[in-house]
Amino acid sequence: MENDQNESELLNTYFTNGAEVEVSSDEEGFRGAWYEGTVIRPISKKLRRNDDEDDKKLRVLVEYKTLMADKKGTRRLKETLSLVQLRPRPPPERRRIFNVSEEVDAYHNEGWWEGVVMEVLGDSGGRKYSVFFRGTRDQLDFDESQLRTHREWANGKWTPPLEQGEEDEDEVEETLASTDIKPSNDAAENFSEGSLVEVSSDEEGFEGAWFTATVVKLLDNGNYLIEYQNLRNDDDTAFLQEEADRLYVRPRPPDIGPFKSFKVLEEVDALYNDGWWVGVVSKVLKGQRYRVQFKGNNEELEFNHADLRLHLDWINGKWVTPSQALK
């Protein structure tokens with residue numbers, strides 16, 4: 001009974017409907033990886049006295065964010081999982097420098113894989129890391145933005161612990177100052193092949209949205225051939241590739257630490273239709289949900305806390321808050 005009570009507390013605290021989670025797997029070839037997902041609902045089951053202990057465990061239906069149920073990639077995979085396979089999604093971290101022999105999680109093949117930094121490559125303008133994976137004995141190179149501190153989740157706590165407290169505007173500005181990316185006249189120095197970037201569009205209906213992409217190569221005219229991470233081509237056979245004007249390409253915004261909550265009238269980016277759209281928090285709801293009003297069309301939608309981020313502007317090679325931009 002005590003175990004059932006503990007599982008019920010976990011379910012009600014961390015794995016409620018709509019909660020952002022990460023999912024582990026015991027299948028061969030996937031051990032040590034965590035995949036992002038969303039809790040759809042708990043699964044109820046009438047139990048008999050002679051049921052196996054594993055059948056008595058609470059289970060939830062989860063939809064993966066990056067794993068697909070079909071080859072065309074049109075339907076996200078859904079699975080019924082026990083709570084031991086789930087953990088909350090770690091809050092975003094500040095951008096940081098990793099050291100040799102440090103344990104990290106590397107984003108690879110749609111999931112986060114545990115590894116060890118073996119070598120620091122490049123300089124501060126384009127730092128990469130060579131990471132060794134014990135399970136597969138592979139060693140691969142990653143951009144700084146594809147790594148995070150490796151943490152374990154146990155008894156409702158992260159080890160090593162996350163930074164506590166909500167940052168005020170001064171702390172945010174201090175963090176941004178430490179993560180400035182200096183402008184350059186040479187586009188190739190800014191975005192090398194394989195860099196994760198965000199791309200905007202001036203097409204009608206897409207103004208103000210930024211879409212995550214990877215730089216495939218630098219073109220002779222100074223623009224980039226990019227491949228979107230979430231947008232598919234017309235045949236739905238692969239992720240969309242297209243030429244992007246260098247003026248519409250920017251770095252991914254830095255991680256500036258977790259926010260306990262957003263405030264009414266605070267400017268945010270909301271993850272919607274596979275892109276980040278600029279809006280303003282119009283109402284704070286229960287359960288870390290918010291109503292966001294979008295600029296331009298006055299549409300208002302509800303979002304989970306995990307699908308929002310603080311809005312930042314990329315100006316003259318630096319990230320600034322809206323208040324800084326007005327100074």
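Use the structure listed above.
Cut-offs used in this document
- Residues numbered from 1 in each chain as written.
- Predicted model: local features only at pLDDT ≥ 70, side-chain atom pairs only at ≥ 80, totals over all residues.
- Heavy atoms only, no water.
- Helix = DSSP H or I, 4+ residues; strand = E, 2+ residues; numbered from the N terminus.
- Buried < 20%, exposed > 50% of the residue type's maximum accessible area, 1.4 Å probe, protein only.
- Contact = heavy atoms within 4.5 Å.
- Areas by Shrake-Rupley, 256 points an atom, 1.4 Å probe, with all protein chains shown as cover.
- Core = buried A, V, L, I, M, F, W, Y, C linked by side-chain atoms within 4.5 Å.
- Domains from an automatic or database assignment.
- Patch = residues over 30% accessible without salt bridge, like charges linked within 9 Å, V, L, I, M, F, W, Y side chains within 5 Å.
- Salt bridge = Lys/Arg side-chain N within 4 Å of Asp/Glu carboxyl O.
- Lys, Arg positive; Asp, Glu negative; His and termini not counted.
- Charge placed at Lys NZ, Arg CZ, Asp CG, Glu CD.

### Examining the overall build of the protein chain
Part 1 of the reasoning: Broken down by element type, the protein chain carries four helices and 24 strands.
Part 2 of the reasoning: Counting every position in the protein chain, which comprises 327 residues, the buried fraction comes to 38%.
Part 3 of the reasoning: Residue pairs in contact within the protein chain that sit at least 24 positions apart in sequence constitute 50% of those at least 6 positions apart.
Part 4 of the reasoning: Total accessible area computed for the protein chain in this model is approximately 19,500 Å², and 46% of it derives from carbon and sulfur atoms.

### Considerations on the nonpolar core
Here is a general trend for soluble globular proteins: nonpolar side chains tend to be buried in one another's company.
Part 1 of the reasoning: Residues Val21, Val62, Leu86 and Leu147 are the most contacted members of the largest nonpolar core, which totals 24 residues.
Part 2 of the reasoning: Secondary structure elements with two or more residues in this core: strand S1 (20–24), strand S2 (33–43), strand S3 (59–68), strand S6 (103–108), strand S7 (111–121) and strand S8 (128–133).
Part 3 of the reasoning: Taken together, domain 1 (1–88) and domain 2 (100–157) each give at least three residues to this core, which thus spans both.
Part 4 of the reasoning: By size, the runner-up hydrophobic cluster in this structure holds 22 residues, among which are Ala213, Tyr224, Phe262 and Val268.

### A word on a negative patch on the surface
Part 1 of the reasoning: On the surface, Glu203, Glu204, Glu207 and Glu242 cluster together into a patch of negative charge.
Part 2 of the reasoning: Position of Glu204 relative to the elements: it lies in the loop between strand S13 (196–200) and strand S14 (209–218).

### Topic: the environment of Tyr129
Part 1 of the reasoning: Its location among the elements puts Tyr129 in strand S8.
Part 2 of the reasoning: For Tyr129, a relative accessible area of 0% puts it in the buried group.
Part 3 of the reasoning: Along the backbone, Tyr129 and Val116 are 13 residues apart, and their C-alpha atoms lie at a distance of 9.8 Å.
Part 4 of the reasoning: Ignoring sequence-local partners within four residues, the contact set of Tyr129 consists of Arg96, Ile97, Phe98, Val117, Glu119, Val120, Leu121, Leu140, Asp141, Phe142, Glu144 and Leu147.

Purely geometric stuff here, so don't read any function into it on its own.
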